[in-house]
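Listed below are the residues making up each chain.
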Amino acid sequence: MEPNAPSSSRSIRVLLAINISLNSLDNLQKGRNFTRNSYPITMLKNKLLIAFIILGFSSFGQPAPTFDDIMIPMRDGEFLEVDVYIPAGADSCEVILIQTPYDKDNFEAFLPIGVGLNLDSQPFAWVIADWRGFYGSSGADLSNFERGEDGYDICEWIVDQPWHLDRIGTWGPSALGGVQYLTAREQHPNHTCAVPLVAHPHTSYESYFTGGVLEEARLNTLDALGYWLSPLVLANTYYSNAWAFSENSSWYPSDIQIPTLQIGGWYDHNIDKMMTWYEATRNSAQASVQDQQYLLVGPWVHGGNGAAYVGSSTQGELTYPNAEFVSDTMAWDFFQYYLLDAPNNWQNTDNITYYELGANTWNTSNATTIDEQMSDVLYFDQSNKLTNSPGITSTGFVSDPSSPAPTIGGANLSPFLQQGPFDQISNESRTDIVTFETFDLPNDISISGRVTLDLYIEADQADCDIMVQLVDVYPDNRNMLITEGARRMRFRNGYFAADEVFMTSGQVYPVQIELPFTNYTWLAGHKIKVYIGGNSSTRWNVNLQDGGPMYQTGIGNSANIEVHHNTTNPSQITLPGNNPILNIDQSEMIEFNVFPVPATNVLTVESNQEIERYEIVDLSGRMQLKGTDVNSINIESLTSGTYFINAISNGRQTSRKFIKL
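What counts, and at which threshold
- Residues numbered from 1 in each chain as written.
- Predicted model: local features only at pLDDT ≥ 70, side-chain atom pairs only at ≥ 80, totals over all residues.
- Heavy atoms only, no water.
- Helix = DSSP H or I, 4+ residues; strand = E, 2+ residues; numbered from the N terminus.
- Buried < 20%, exposed > 50% of the residue type's maximum accessible area, 1.4 Å probe, protein only.
- Contact = heavy atoms within 4.5 Å.
- Areas by Shrake-Rupley, 256 points an atom, 1.4 Å probe, with all protein chains shown as cover.
- 1 Å grid on protein atoms, 1.4 Å probe; cavity = no way out; pocket = protein on both sides within 12 Å on 5 of 7 lines; lining within 4 Å.
- Points joined across faces, edges and corners; volume = space filled by probe spheres on them.
- Nonpolar A, V, L, I, M, F, W, Y, C, P; charged D, E, K, R; others polar.
- Core = buried A, V, L, I, M, F, W, Y, C linked by side-chain atoms within 4.5 Å.
- Pairing = 2+ DSSP bridges.
- Axes fitted to C-alpha atoms, helices over the stretch in contact; angles between N-to-C directions.
- Parallel < 35°, antiparallel > 145°, perpendicular 65-115°, else oblique.
- Expected span 1.5 Å × (residues − 1).
- Salt bridge = Lys/Arg side-chain N within 4 Å of Asp/Glu carboxyl O.

## Some words on the overall build of the protein
Within the protein, the secondary structure is distributed over 10 helices and 34 strands. Buried positions account for 59% of the 661 residues belonging to the protein. Taking all contacts inside the protein whose residues are at least 6 apart in sequence as the whole, residues at least 24 apart take part in 74%. Of the roughly 24500 Å² of accessible surface on the protein, 48% is carried by carbon and sulfur atoms.

This is the structure in structure tokens:
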């Protein structure tokens with residue numbers, strides 16, 4: 001039975017007003033895009049103090065707000081608290097507005113976009129506002145308001161100030177980015193442009209339940225920040241009218257009437273929704289600004305934990321020197337052009353600037369999307385390879401919820417998990433993970449878009465999760481994570497309660513897993529590789545696999561899971577690209593022929609290579625015959641039909657199809 005939707009408009013308002021802008025943590029920046037860890041506030045203060053010591057700043061006195069802790073009125077009679085920074089000697093300025101739930105006073109340490117402590121050497125006035133219900137604005141009534149309307153009212157107050165000229169730009173990452181979209185939706189006439197980072201406004205079911213699996217670490221992080229979304233999210237574990245309402249209410253690309261520079265990272269958990277939103281604004285924003293929607297995607301994580309953040313060179317275990325501070329530089333040029341009419345040639349900037357991971361180069365495009373429309377397909381086979389044709393039989397593993405595979409890097413949002421590209425090789429030795437890889441690539445292979453896996457799964461339990469990691473195997477055997485995805489098998493047909501269906505032992509079920517949008521090139525000599533397992537803890541909730549209620553504590557059941565790969569159940573991966581055919585390395589194949597075809601009683605194998613043994617399997621992968629004498633194989637016992645014969649030698653295996661009359 002479908003769980004009850006949130007019972008009050010207040011619940012929906014919480015989901016819309018908080019979730020849409022809290023899809024991620026604020027990577028509050030200081031100086032050149034410094035990120036703080038937005039977890040417990042005491043940790044933030046300590047990290048800030050340590051940063052001052054490391055950087056050699058001796059005091060907290062600069063830049064001091066020109067006007068500190070000003071209470072400004074909202075339309076409902078409530079007040080929000082703001083700080084104002086005005087460069088010395090300026091009578092009036094264009095304004096950059098930042099709205100934050102993470103304490104405006106932290107900006108007294110550093111202003112963003114490379115300004116740092118140098119307030120007087122740049123032309124803008126800065127207005128930093130605490131969100132309603134947070135820090136200096138904590139006393140404001142939360143019972144009936146729209147955060148976008150608060151943004152509009154802050155703009156209205158700015159316009160009335162003698163130190164303001166006539167334009168307002170907005171900036172901020174994550175939650176500070178989501179609120180920019182809400183403010184833009186209200187269409188204040190002086191709101192001129194916006195720079196949201198690692199953010200989008202759309203609240204969806206899959207923002208919390210990836211493939212039906214709860215992204216538990218992120219939800220716990222948001223709870224720890226004080227938002228306490230768990231009761232609302234866990235009351236709606238199936239897709240429902242509440243989710244439909246949230247999705248419809250937070251989808252408004254046609255309401256965008258100002259230029260935006262949308263900045264994201266390939267290792268950010270928001271990137272997939274960001275790519276969808278950007279394309280929508282290019283197609284549906286007000287006609288006069290559709291071609292003034294810009295997108296910058298770098299090799300960046302979300303930020304908020306560790307040394308990596310939007311604009312840093314180090315991301316996970318990899319380094320991208322040519323991506324350092326690009327986000328600052330482009331944001332600065334964007335603001336100068338739209339707020340100051342600077343002759344900086346911004347109007348000739350291509351709409352999309354994106355980093356090609358793997359090749360580690362910057363590219364540009366004026367299209368509405370960089371999604372490649374062509375595709376390449378690779379099949380899984382019994383030799384743990386990705387090849388050009390379906391394999392035979394199946395590959396199995398055991399998923400034990402009491403000993404889940406660990407999350408290693410990725411698009412995480414937790415102070416307890418690393419972010420970005422990390423080597424997955426330590427997980428390969430586990431018995432609950434299987435891998436499939438190509439041979440060494442003879443040429444570069446590039447993709448742009450969403451990789452999909454169509455798998456055929458059998459399990460001896462009612463439910464299980466299928467976790468997928470896509471990696472790049474370097475020549476030195478590093479297995480560097482690119483992106484990952486998940487699917488809960490009970491939701492293989494959809495996320496409504498009515499779609500839920502459990503598995504029966506002995507049955508094979510098709511399931512599709514779509515990975516987030518990415519842009520990547522495997523260089524020649526590298527390998528494409530896929531990891532498949534049953535869990536990834538602690539990023540995602542661990543499935544107890546017993547078919548019982550979800551998100552309960554308990555021991556759970558171990559599941560024997562089979563990934564089928566044969567002509568009847570051809571598990572495969574589809575890569576969004578237009579590449580040369582990925583031919584497998586012929587040196588790894590056993591060249592042989594079988595005759596006669598069709599055969600009746602005897603089958604003969606002919607080869608100039610040594611064949612140690614053979615196996616004959618049917619289309620479902622079940623073993624029928626095996627032996628070592630390939631010169632004359634008696635097949636009288638086989639029923640009429642199609643079979644595969646595997647020639648095996650020195651750990652290599654090659655298959656041929658034949659027909660038995």
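## Remarks on the layout of surface pockets
A probe as big as a water molecule, rolled over the atoms, marks out the empty space that is left. Considering only enclosed or pocket space, the largest pocket measures out at about 610 Å³ in volume. Together, 33 residues line the largest pocket, and Thr210, Asp272, Lys273, Glu514 and Pro516 are the ones closest to its centre. Those elements giving two or more residues to the lining of the largest pocket turn out to be β9 (260–267), α8 (271–284), β22 (479–488) and β23 (509–514). Per element, the largest residue contribution to the lining of the largest pocket is 7 residues, and it comes from β22. Class assignment for the residues of the lining of the largest pocket results in 12 nonpolar, 11 polar and 10 charged.

## Here we look at the nonpolar core
Among the nonpolar cores identified, the biggest contains 110 residues, and Trp126 and Ile532 are the most heavily contacted of them. Among the elements that make up this core, the one with the highest residue count is helix α9 (residues 326–340) (8 residues). Once residues lying within four places of it in the same chain are set aside, the contact partners of Trp126 are Asp83, Val84, Tyr85, Ile96, Ile98, Leu111, Pro112, Ile113, Val115 and Leu119. With 19 residues, the next largest nonpolar core counts Ile72, Val84, Cys93 and Ala129 among its residues.

## Details of the environment of Ile256
The residue Ile256 is located in the loop between α7 (241–249) and β9 in this model. Separated by 31 residues in the primary sequence, Ile256 and Ala287 have C-alpha atoms spaced 9.8 Å apart. For Ile256, the residues in contact, after removing those within four places along its chain, are Tyr181, Ala184, Trp277, Thr281, Ala285, Gln286, Val289 and Gln293.

## Observations concerning the sheet that holds strand β21 (residues 465–473)
The sheet built from 4 strands is open, its strands ordered β18-β25-β21-β22 with antiparallel pairing. At either end of the open sheet lies a strand with only one pairing partner, and these are β18 (433–437) and β22. Adjacent strand axes in the sheet meet at a mean angle of 20°, parallel and antiparallel pairs treated alike. In the sheet, β21 pairs with β22 via 9 bridges, with the strands oriented antiparallel.

## Quick word on the packing of helix α3 (residues 147–159) against helix α4 (residues 175–186)
Here α3 crosses α4 at 70°, and the two axes come no closer than 7 Å. Between α3 and α4, the interaxial angle falls into the category roughly perpendicular. Touching Arg147, Gly148, Glu149, Gly151, Tyr152 and Cys155 of α3 are Val179, Leu182, Thr183 and Glu186, all from α4. In the contact of α3 with α4, the residues fall into 4 nonpolar, 3 polar and 3 charged.

## Quick word on α4
Taking 1.5 Å of rise per residue, the 12 residues of α4 would be expected to cover 16 Å, and the 17 Å separating its terminal C-alpha atoms lies within 8% of that figure. Among the 12 residues in α4, 10 count as buried, and that is most of the element. In the core, the buried residues of α4 are packed alongside β3 (93–100), α3, β5 (164–173), β6 (191–197), β9 and α8. Two residues or fewer after α4 comes Gln187, characterised by a positive phi angle close to 60°.

## Thoughts on the sheet that holds strand β29 (residues 602–606)
One open sheet holds the 3 strands; their spatial order is β28-β29-β32, and the pairing between them is antiparallel. In this open sheet, the two edge strands, each paired with only one partner strand, are β28 (593–595) and β32 (633–634).

## Thoughts on the environment of Trp332
Summarising the element assignment, Trp332 is placed in helix α9. When neighbours within four sequence positions are excluded, Trp332 is seen to be in contact with Ile113, Val115, Gln122, Pro123 and Phe124.

## Examining α9
For α9, built from 15 residues, the straight-helix expectation of 21 Å at 1.5 Å per residue is met to within 8% by its first-to-last C-alpha distance of 20 Å. All of the buried residues along α9 are Val326, Ser327, Asp328, Met330, Ala331, Trp332, Phe334, Phe335, Tyr338 and Leu339. After α9 finishes, the residue Asp341 shows a positive phi value of roughly 55°.

## Re unusual backbone geometry
With an omega dihedral of 25°, the bond running from Ser537 to Thr538 counts as a cis peptide bond. In this structure, Pro596 follows Phe595 across a cis peptide bond, with omega equal to -10°. Positionally, Pro596 belongs in the loop between β28 and β29. Within the chain, Asn360 stands out as a residue other than glycine whose phi angle is a positive 60°. Assignment of secondary structure puts Asn360 in the loop between β13 (352–356) and β14 (361–365). One non-glycine residue, Asn384, lies in the positive phi region at around 60°. In this structure, Asn384 sits in the loop between β15 (376–380) and β16 (386–387).

## Structural notes on the pattern of salt bridges
For the coordinates displayed, the defined rule picks out 27 salt bridges. Between Asp83 and Lys104 there is a salt bridge, with its nearest N and O atoms 2.9 Å apart. Placement of the pair is Asp83 in strand β2 (residues 79–85) and Lys104 in the loop between β3 and β4 (125–130), with a sequence separation of 21 residues. Judged by relative accessible area, which is 0%, Lys104 ranks as buried. The partner of Arg488 in a salt bridge is Asp465, and the shortest N-O contact between them spans 2.7 Å. Of this pair, Arg488 sits in strand β22 while Asp465 sits in strand β21, and the two are 23 residues apart along the sequence. Take Arg488: its relative accessible area is 1%, and that puts it in the buried class.

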